[in-house]
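Coordinate analysis (summary)
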Amino acid sequence: MKAPGTPVKAPGMPKKSPGTRVKSRRRRRAPLLTLMLAGAFGLCVGPFYWLAIAATQDDKDVFSWPPKLLPGGHLMENLRGLEESIGLTRVLLNTVLVAGVQTVGAVVVSVLAGYAFAKFDFRGRNLFFVALLSTLVIPDTVMLIPIFRMMMDLGLIDSYQSVVLPGLVTPFGIFLMRQALRSMPDELLDAARVDGAGELRVLWRIVVPVNRPVIAALALFVFLGAWNQFVWPLIALRSPEMYTLPVATATLQGLSTTNYAQVLLASAIAAIPVMALFLVLQRQFISGLLAGATKE
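Note that the structure is predicted; figures quoted are calculated from it, not measured. Along each chain, residues carry numbers from 1 onward, in the same order as the chain's sequence is written. Reporting of local features is limited, given that this is a predicted model, to residues whose pLDDT is at least 70; pairs of side-chain atoms are given and counted only at 80 or more, and all residues count toward the totals for whole chains, interfaces and linings. Neither water nor hydrogens contribute to the side-chain values; these are computed over all heavy atoms in the structure.

1. A short note on the environment of Leu-264
We count it as follows: In DSSP terms, a helix is any run of H or I states spanning at least four residues, a strand is any run of E spanning at least two, and both are numbered starting from the N terminus. Burial classes follow relative accessibility: with a 1.4 Å probe on protein chains only, a residue under 20% of its type's maximum area counts as buried, one over 50% as exposed, and anything between as partly exposed.
Structurally, Leu-264 is set in helix α13 (residues 260–294). Residue Leu-264 is classed as buried on the basis of its relative accessible area of 14%. In this structure, the C-alpha to C-alpha distance between Leu-264 and Trp-50, residues 214 residues apart in sequence, is 9.7 Å.

2. Focus: the packing of helix α8 (residues 186–194) against helix α9 (residues 199–210)
Which entries qualify depends on this criterion: For helices, the fitted line uses only the C-alpha atoms of the stretch in contact; every axis is such a line through C-alpha atoms, and the angle between N-to-C directions lies from 0 to 180 degrees. Any angle between 65 and 115 degrees counts as roughly perpendicular, while under 35 counts as roughly parallel, over 145 as roughly antiparallel, and the rest as oblique. Each crossing is labelled by how the near helix is turned from the far one, with a counterclockwise turn of less than a right angle marking it left-handed and a clockwise turn marking it right-handed. Should any heavy atoms of two residues lie within 4.5 Å, those residues are considered in contact. Each residue gets one label: Ala, Val, Leu, Ile, Met, Phe, Trp, Tyr, Cys and Pro are nonpolar, Asp, Glu, Lys and Arg are charged, and the others, such as Gly, are polar.
Following both chains from N to C, one finds α8 and α9 inclined at 130 degrees, their axes separated by 10 Å at the closest point. Here α9 runs oblique to α8, going by the angle between their axes. Classified by chirality, the crossing of α9 by α8 is right-handed. Residues Leu-188, Leu-189, Ala-192 and Arg-193 of α8 lie in contact with α9, whose contacting residues are Glu-199, Val-202, Ile-206 and Val-207. In terms of residue class, the contact of α8 with α9 is made up of six nonpolar, no polar and two charged.

3. A word on the nonpolar core
Condition: Residue types Ala, Val, Leu, Ile, Met, Phe, Trp, Tyr and Cys, when buried and joined through side-chain atoms within 4.5 Å, form a set referred to as a nonpolar core.
Leu-82, Ile-86, Leu-88, Trp-227 and Trp-232 are the most contacted members of the largest nonpolar core, which has 32 residues in total. Elements with a minimum of two residues in this core: α2 (75–86), α3 (88–119), α5 (144–153), α6 (160–164), α10 (212–228), α11 (231–236), α12 (245–250) and α13. Looking at this core element by element, the count peaks at six residues for α13. The contacts of Leu-82, once residues within four sequence positions are left out, are Gly-87, Leu-88, Leu-252, Gln-262, Leu-265, Ala-266 and Ile-269. The next biggest cluster of nonpolar side chains, apart from the first, holds 21 residues, and it includes Leu-181, Val-207, Val-214 and Leu-218.

4. Thoughts on the confidence of the model for the protein chain
The test is simple: As a per-residue measure, pLDDT tells how confident the predictor is, with possible values from 0 to 100.
Mean pLDDT over the protein chain: 83, with 86% of residues reaching 70 or higher. In the predicted structure, residues 292–296 sits below a pLDDT of 50 and forms nine contacts with residues beyond four places in sequence or in another chain.

5. Quick notes on the packing of α3 against helix α4 (residues 125–134)
Two numbers describe how α3 lies on α4: the axes approach to 10 Å, and their chain directions differ by 140 degrees. By the angle between their directions, the pair α3 and α4 is classed as oblique. When the axes of α3 and α4 are compared, the crossing they make is left-handed. Touching Ala-116, Phe-117 and Ala-118 of α3 are Arg-125, Phe-128, Phe-129 and Leu-132, all from α4. Residues of the contact of α3 with α4, tallied by class, amount to six nonpolar, no polar and one charged.

6. Looking at a nonpolar patch on the surface
For the record, the criterion: For patch detection, residues must exceed 30% relative accessible area and be free of salt bridges, and they are connected within 9 Å for like charges or within 5 Å for nonpolar side chains (Val, Leu, Ile, Met, Phe, Trp, Tyr). A 1.4 Å probe and the Shrake-Rupley method give the accessible areas. Residues count as covered only by the protein chains that appear here. Criterion for a salt bridge: a side-chain nitrogen of Lys or Arg within 4 Å of a carboxyl oxygen of Asp or Glu.
Taken together, the side chains of Leu-136, Val-137, Ile-138, Val-142, Met-143, Phe-172 and Phe-221 define a hydrophobic patch exposed on the protein surface, amounting to about 620 Å² of accessible area. By the element assignment, Val-137 lies in the loop between α4 and α5. The class for Val-137 is exposed, based on a relative accessible area of 70%.

Encoded structure:
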């Protein structure tokens, strides 16, 4: 006997399965999720789009209301203005030189140091590694005066060496490579040594190819920091012909007038290489970060 008030199902009415109910809820939520993703996409891409559009406008139209959403016809004029005011070609070559040399040097130092911390057992290894990691909590601005004194004593102020040398040792890069190299089996390296390979050959022929994604992620990190660094090159470089792009862009902001169209164009030019490099190395970047974070 059924209790009074119990609903009676019509004969032959199909009973919904749990999977059908889940799919029905997902279909109802799909428009909301699509709207949220579209809003997030707009928030991420919108500033870059406005930057690209404003770089093609005349200076008086940059902050016009309503904002212009179509490209203007002043791109070449702004490029000529940048070439005349800061020497855009020379500044770009300076930035490529500094960022490229610093990236290659920092990656080499990080791989060598990470390999030593991961695969060699020497006295004080853990103490040195902890001391290295402790430098991560020191703000970069605290180190500006000691580094400046060192570069001055070496006679390197107002040279590319003064900009590159302090960035060759990156504690985060050494930590990332050490974590990735710890997972490599020692038997693989010992087999290469038994066959007569030296440590450098083992490093070049075995360690580097296996850890290529981690190295690519590290190179992207270092290049991004070297390409965008501003405070230290501003202090170390005195000659305008040696300025990097961020420092030269800051000189466009005058005391009385500022050509914002040229400033935005220089910012867009500075963003293009980093975005292109990330698009090319995005797969290695993601897999390298996961490898460095999860391997023990």
